[in-house]
Amino acid sequence: MRFDIVTIFPAMVEPAVKAGVVGRAIERGTLQVKVRDLRDYTTDRHRVVDDVAYGGGPGMVMKPEPFFRALDAIEAESAGRPMVLLTSPQGTRLTQPMVERLSGHGHLVLLCGRYEGVDERVRSRVDEEVSVGDYVLSGGELAALIVVDAVARLVPGVVGDEQSVAEDSFSRGLLDYPHYTRPAELPGAAAGLKVPDVLLSGNHAEIRRWRKREALVRTWTRRPELLATAVLDDDELKWLRELRAQRNTEVGG
Ligand code: ADE
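Each value, and the rule that gives it
- Residues numbered from 1 in each chain as written.
- Predicted model: local features only at pLDDT ≥ 70, side-chain atom pairs only at ≥ 80, totals over all residues.
- Heavy atoms only, no water.
- Buried < 20%, exposed > 50% of the residue type's maximum accessible area, 1.4 Å probe, protein only.
- Helix = DSSP H or I, 4+ residues; strand = E, 2+ residues; numbered from the N terminus.
- Pairing = 2+ DSSP bridges.
- Expected span 1.5 Å × (residues − 1).
- Arc of directions from axis to C-beta.
- Near = heavy atom within 4 Å.
- Polar contact = N/O pair within 3.5 Å; in protein donor to acceptor, adjacent residues only side chain to side chain.
- Areas by Shrake-Rupley, 256 points an atom, 1.4 Å probe, with all protein chains shown as cover.
- Nonpolar A, V, L, I, M, F, W, Y, C, P; charged D, E, K, R; others polar.
- Salt bridge = Lys/Arg side-chain N within 4 Å of Asp/Glu carboxyl O.
- Patch = residues over 30% accessible without salt bridge, like charges linked within 9 Å, V, L, I, M, F, W, Y side chains within 5 Å.
- Axes fitted to C-alpha atoms, helices over the stretch in contact; angles between N-to-C directions.
- Contact = heavy atoms within 4.5 Å.

K.L.:
Any chance you could break down the pairing of strand 8 (residues 128–131) for me, citing the residues and the numbers?
P.N.:
Side chains of strand 8 alternate between two faces, with Glu 128 and Val 130 and Glu 129 and Ser 131 buried alike. Two elements, strand 5 (residues 83–93) and strand 8, share 5 bridges in a ladder whose sense is parallel. Residue pairing for strand 8: Leu 85 is matched across the bridge by Glu 128.

Pasting the structure below:
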């Protein structure tokens, strides 16, 4: 899979994509990530990428032409038509189902916005505007890196353990269960922090069941709204009914 990231801060993006899971996938040739400096697509001596806003007001607006030229260059190098995303707080909020959908495209282009905004006409070349959350970042670079990381994990061969990706609880719309590693007992003030007995039991069926229930209880406690769209099996539906009944008794009592 291929990603092009168009930014005025390539130095912020380049080291980040070279690290970790994405960096290793690039080295193996499973992913191709090209970071492009928006200023390379200007034509003036000062490589200007922004200008004052028509109508006045504070802050600068990113000019449309460098984005258009960058997209022309990317499309000229691309076999098919890439999917073009603009990172912005006005976009659709990124979710795992959206990440899954994006991972089905062979080539994504991420345009990173900055300053007060991007000239509205750039949106004529954008397929989708993506927000990573309801808060404002100084620019779209971190958001673009989030999109690349989340999408890349779903590309076969990027994460070593395919099973762990498939079993990510978020792929079913639930939060993850708690994890523990050695040592089983901690010294001093942390001695009371026990590893649940079931995880030390060696009973794999019981362990699977415990994890499944913990994931459900966590989701119920922390992010109950996720349960409206989560894919639940019979056990989970039963536990959910029990949790609801328990809450109703508590509220009623
Ligand atoms: N640029 C600034 N804030 C952003 C956000 N929340 N998501 C995506 N891009 C952004």
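K.L.:
Tell me about helix 3 (residues 64–77), residues and numbers included.
P.N.:
For helix 3, which comprises 14 residues, the first-to-last C-alpha distance of 20 Å matches the rise-based estimate of 20 Å (1.5 Å per residue) to within 8%. Of the residues making up helix 3, those classed as buried are Pro 64, Pro 66, Phe 67, Ala 70, Leu 71 and Ile 74. Seen from one end, helix 3 has its buried residues packed into an arc of 165°, which puts them on one side.

K.L.:
Quick one: what's the story with the site of the ligand, residue by residue and with numbers?
P.N.:
For the ligand, the full set of nearby residues is Thr 87, Ser 88, Pro 89, Val 130, Ser 131, Val 132, Gly 133, Tyr 135, Val 136, Leu 137, Gly 139 and Ala 143. One nitrogen or oxygen atom from the main chain of Tyr 135 is found 2.8 Å from a nitrogen atom belonging to the ligand. Compared with its free state, where it exposes 260 Å², the ligand has 96% of that area covered by protein. Secondary structure elements with two or more residues in the shell around the ligand: strand 5 and strand 8. In terms of residues, the shell around the ligand owes the most to one element, strand 5, which gives 3 residues. Tallied by class, residues from the shell around the ligand come to 7 nonpolar, 5 polar and no charged.

K.L.:
Give a detailed account of the pattern of salt bridges, specifying residues and quantitative values.
P.N.:
Evaluation of the coordinates by the stated rule reveals 24 salt bridges. A salt bridge links Arg 36 to Glu 77, with the shortest nitrogen-to-oxygen separation between them at 3.0 Å. One end of the pair, Arg 36, is in strand 2 (residues 32–37); the other, Glu 77, is in helix 3, and 41 residues separate them in sequence. With a relative accessible area of 4%, Arg 36 lands in the buried category. As a salt-bridge pair, Arg 93 and Asp 134 come within 2.6 Å of each other at their nearest N and O atoms. Of the two residues, Arg 93 is situated in strand 5 and Asp 134 in the loop between strand 8 and helix 5 (141–152); the sequence distance between them amounts to 41 residues. Owing to a relative accessible area of 48%, Arg 93 belongs among the partly exposed residues under this scheme.

K.L.:
Help me get a handle on a nonpolar patch on the surface, residues and values and all.
P.N.:
Taken together, Phe 9, Met 12, Tyr 135, Leu 137 and Leu 142 make up a surface patch of nonpolar side chains, about 430 Å² in accessible area. Checked against the element boundaries, Tyr 135 lands in the loop between strand 8 and helix 5.

K.L.:
Describe the sheet that holds strand 1 (residues 2–7), and please don't skip the residues or the numbers.
P.N.:
Pairing is parallel across the open sheet formed by 5 strands, whose spatial order is 2-1-6-5-8. Sheet topology places strand 2 and strand 8 at the edges, where each strand pairs with a single neighbour. Averaged over neighbouring strand pairs, the angle between their axes works out to 30° when direction is ignored. Each of strand 1 and strand 2 touches helix 1 (residues 10–18); the most contacted strand, strand 2, lies at about 165° to it.

K.L.:
Can you tell me about the sheet that holds strand 3 (residues 50–52), naming the residues and giving the values?
P.N.:
Adjacent strands of a sheet pair through backbone hydrogen bonds, lying either parallel or antiparallel. Strand order across the open sheet formed by 3 strands is 3-4-7, with mixed pairing between neighbours. Unpaired on one side and paired on the other, strand 3 and strand 7 (117–118) mark the two borders of the sheet. Across 2 bridges, strand 4 (residues 60–62) lies against strand 7 in parallel orientation. Each residue of the ladder has a partner; that of Met 62, found in strand 7, is Val 118.

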